[in-house]
Amino acid sequence: PTRGFAKGRLLPFAEMAAEGPGGASWPLIVAAAVFVPEAISLGATLLQRSRVGSPVPGVLEGIYDPGEYETSNRYTKSKIDFGLLKSAFDLVVFFTFWFLKGFPLLDGVCTGLDFKSQIATGLVFVGIIGFGSSILDLPWDIYQTFVLEESFGFNKTTMATFVKDRLKGLALALVFGVPLMFVVFWFFITVGANAWFWVFVTLMSFQLVLFFLMPVLILPIFFKLIPLPEGTAVITSKTGKDFPSFLSGRLFYSRQPFNDKPCWKTMDNRFAGASEGATLTILWSPASACWSIAEGEPEGGGKVYATCPGEVARSGKVSEGPQWTLSVEGLAAVKQGDAEAEGAAAAPSDPLVTEGLRSTCVDVGLLRKKLLALSERLGYHGASIFVIDGSARSEHSNAFCTGFGRFRRICLFDTLLPLMDEDEIVAVLGHEIGHDRLYHVHTGLVFSIAYSFVMFYALGQFLTSEAISSAFFVSEPKVYLGVVLFSILWSVVEFVVQIPLTARSRSNEFAADRYAVDADPSYCALLGSALTKLMKNSKSNLTPHPLFVFLKYSHPPLDARLADMRAHHTAKYGAGT
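Looking at where Val184 falls in the secondary structure, it is placed in helix H6 (residues 159–190). Each C-alpha atom, one on Val184 and one on Pro229, is 45 Å from the other, the two residues being 45 residues apart in sequence. Excluding residues within four positions of it along the chain, Val184 makes contact with Val199 and Leu203.

Below, the structure is given as structure tokens:
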């Protein structure tokens, strides 16, 4: 009976498969194959959500107090729920478009424009799909940025910055994407059987050039890269809604003395174009015998927002630094309650928020010397150090090395400087340099080229496949349709390939951690402390599900990294060191 039941259940699927390409059930078979990775991801995500709030691993106990852990759990669940809704929406729209025969209908519209060239028709076809996808994603992006992230104190993006970023992305797509797509279509239409090879050569050449130029060409379009200067920097604390947002968590770099006293000025684009707070200066005011945070350049005599009678050039924890008092202009900025000020205010539950505005002074010149000395000692020669104004968009922190040769860049988010001690940042750089010295970037590039070779070869074989076209209700295979439809089906292959790639990425993170520990025994504790602070600041989930880690995590969970570093440190230096 069981065998008969199984046979009866499987018979319809066997009949559907037997119909083959062109049969009425063929689109359903292909759609099922496309849906399988999505279903697996959905199951893993639900398992991930079920683990939120589980007991924290022993090695991570004490990172959060009970209130902070509850906030982390709410943030994790909110992100997961948002992702599930977004994925469900995307799947419904995609499969509805597919089975309402949207691809042949859109092709008919583009063909009806009566372009003389199939390339022009293809560019319009791809452009409409890309633009339509962007429009559908826009409300979700807005909600994620201005509701979800903001409700947990992370968002610093103003609506002006949000719009500018989208326009810049559109401009890059037009400048780079359209010509590249033109070349792809041209090769496939005119060259013939070996077109896939020349498409591969062209796109890989472009990727390699962009790989070198990314730090100097693309990154500065979206972020301001500030060379880490000599001298000192003053960092203000994160504040709540009782202070203007443009005073919260700002980084002031030393500049020429003013009134025979040190002077510091902001250099980020966080409030670029705003009527208040775009550029601020900390200077000594002889008339009032105190330090002031004022609008604009020191010589400009701009509005004074806060004053401090204490010693500003004092190092230490920002929470224990000198206290600033709002002036009349500062109080007026709070009362105005403009959208930018409220939008960037940190959440009251954030453990880094202070009750008032305080500051600390750090020796960024000394940090710069330590970072460069470590780079030279580890063979990462010729790098320049930049601070990225990540605080213009988010409170999340990061650090990375990018580029090759004279294009090498060591990049620190400005949100990293108030979060970590000087030596912790140096230990983080040791980890990042490890990726370069262990050839993780190089081997990743080689694999990317090899993977692209296989992908473009497959594209060349199936570009005008009637089997693929019929699965999407397209009666006549065309080059531009083949590119789009093949990319949809290739996502199934990519899902499988990404599993060993993420495993390799996690392995590389372990290796880079060990490289840092090998560089200096003190980096075991310092890097562990830095990673812990990053996780806490990001309200990260400390209890991920193993299946979700296996499928999605490019970095190992924190407890695994800490345990691996400590084991390596003990093996190399002994238990007592």
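Glancing now at the sheet that holds strand S1 (residues 225–227). Within a sheet, adjacent strands bond to each other through the backbone by hydrogen bonds, running parallel or antiparallel. If you trace the four strands from one edge of the open sheet to the other, you get S1-S10-S12-S11, paired in mixed fashion. This sheet does not close on itself; its edge strands, each paired only once, are S1 and strand S11 (399–402). For this sheet, the mean angle separating the axes of adjacent strands, direction not counted, is 30 degrees. Relative to strand S12 (residues 409–413), strand S10 (residues 384–388) runs parallel, the two being bridged by five bridges. Along S12, the bridge assignment pairs Ile385 with Ile410. Across the sheet, helix H12 (residues 422–437) touches S11 and S12, and the angle it forms with S11 is around 40 degrees.

As judged from the four bridges shared by strand S6 (residues 290–295) and strand S7 (residues 304–308), these two strands associate in the antiparallel manner. Paired with Ile293 across the two strands is Ala306, which belongs to S7. Across two bridges, S7 lies against strand S8 (residues 323–326) in antiparallel orientation. Residue pairing in the sheet places Thr307 in a bridge with Thr325 of S8.

Now for the packing of helix H7 (residues 195–217) against helix H13 (residues 440–462). Where H7 contacts H13, the axes come no closer than 9 Å and their chain directions differ by 155 degrees. By the angle class used here, H7 and H13 are roughly antiparallel. At the point where H7 passes H13, the crossing takes the right-handed sense. Here H7 contributes Trp196, Phe197, Val199, Phe200, Leu203, Met204, Gln207, Leu208 and Phe211 to the contact with H13, which in turn contributes Val441, Leu445, Ser448, Ile449, Ser452, Phe453, Phe456, Tyr457, Gly460 and Gln461.

Here we come to the packing of H12 against helix H15 (residues 479–519). Packed helices, taken two at a time, are described by the angle their axes make and the gap between the axes. Where H12 meets H15, the closest approach of the two axes is 8 Å, and the angle between their N-to-C directions is 120 degrees. By the criterion of interaxial angle, the relationship of H12 to H15 is oblique. Note that H12 runs across H15; the crossing there is right-handed. On H15, the residues that touch Ala427, Gly430, His431, Ile433, Gly434, His435 and Arg437 of H12 are Asn508, Glu509, Ala512, Asp513, Tyr515 and Ala516.

The next point concerns the sheet that holds strand S2 (residues 233–236). Reading around the barrel, the eight strands line up as S2-S3-S4-S5-S6-S7-S8-S9 and close back on themselves, with antiparallel pairing between neighbours. For this sheet, the mean angle separating the axes of adjacent strands, direction not counted, is 30 degrees. Judged from the four bridges that link them, S2 and strand S9 (residues 357–362) form a sheet pairing that is antiparallel. Each bridged residue has a counterpart across the sheet, and for Ile235 the counterpart in S9 is Thr360.

This structure, assessed with the given rule, holds 26 salt bridges. Between Glu395 and Lys156 there is a salt bridge, with its nearest N and O atoms 3.6 Å apart. With a gap of 239 residues between them, Glu395 in the loop between S10 and S11 and Lys156 in the loop between helix H5 (118–151) and H6 connect regions that are remote in the sequence. On the basis of relative accessible area, Lys156 is assigned to the buried category, the value being 2%. The shortest N-O distance in the salt bridge between Arg437 and Asp436 comes to 3.9 Å. By relative accessible area, which is 30% here, Arg437 ends up partly exposed. One salt-bridge network, held together by shared partners, links Arg255, Lys265, Glu297 and Glu299.

Parameters and conventions
- Residues numbered from 1 in each chain as written.
- Predicted model: local features only at pLDDT ≥ 70, side-chain atom pairs only at ≥ 80, totals over all residues.
- Heavy atoms only, no water.
- Helix = DSSP H or I, 4+ residues; strand = E, 2+ residues; numbered from the N terminus.
- Contact = heavy atoms within 4.5 Å.
- Pairing = 2+ DSSP bridges.
- Axes fitted to C-alpha atoms, helices over the stretch in contact; angles between N-to-C directions.
- Parallel < 35°, antiparallel > 145°, perpendicular 65-115°, else oblique.
- Left-handed = near helix turned anticlockwise from the far one by under 90°.
- Salt bridge = Lys/Arg side-chain N within 4 Å of Asp/Glu carboxyl O.
- Buried < 20%, exposed > 50% of the residue type's maximum accessible area, 1.4 Å probe, protein only.

Keep in mind that these numbers describe shape and distance, not what the molecule does.
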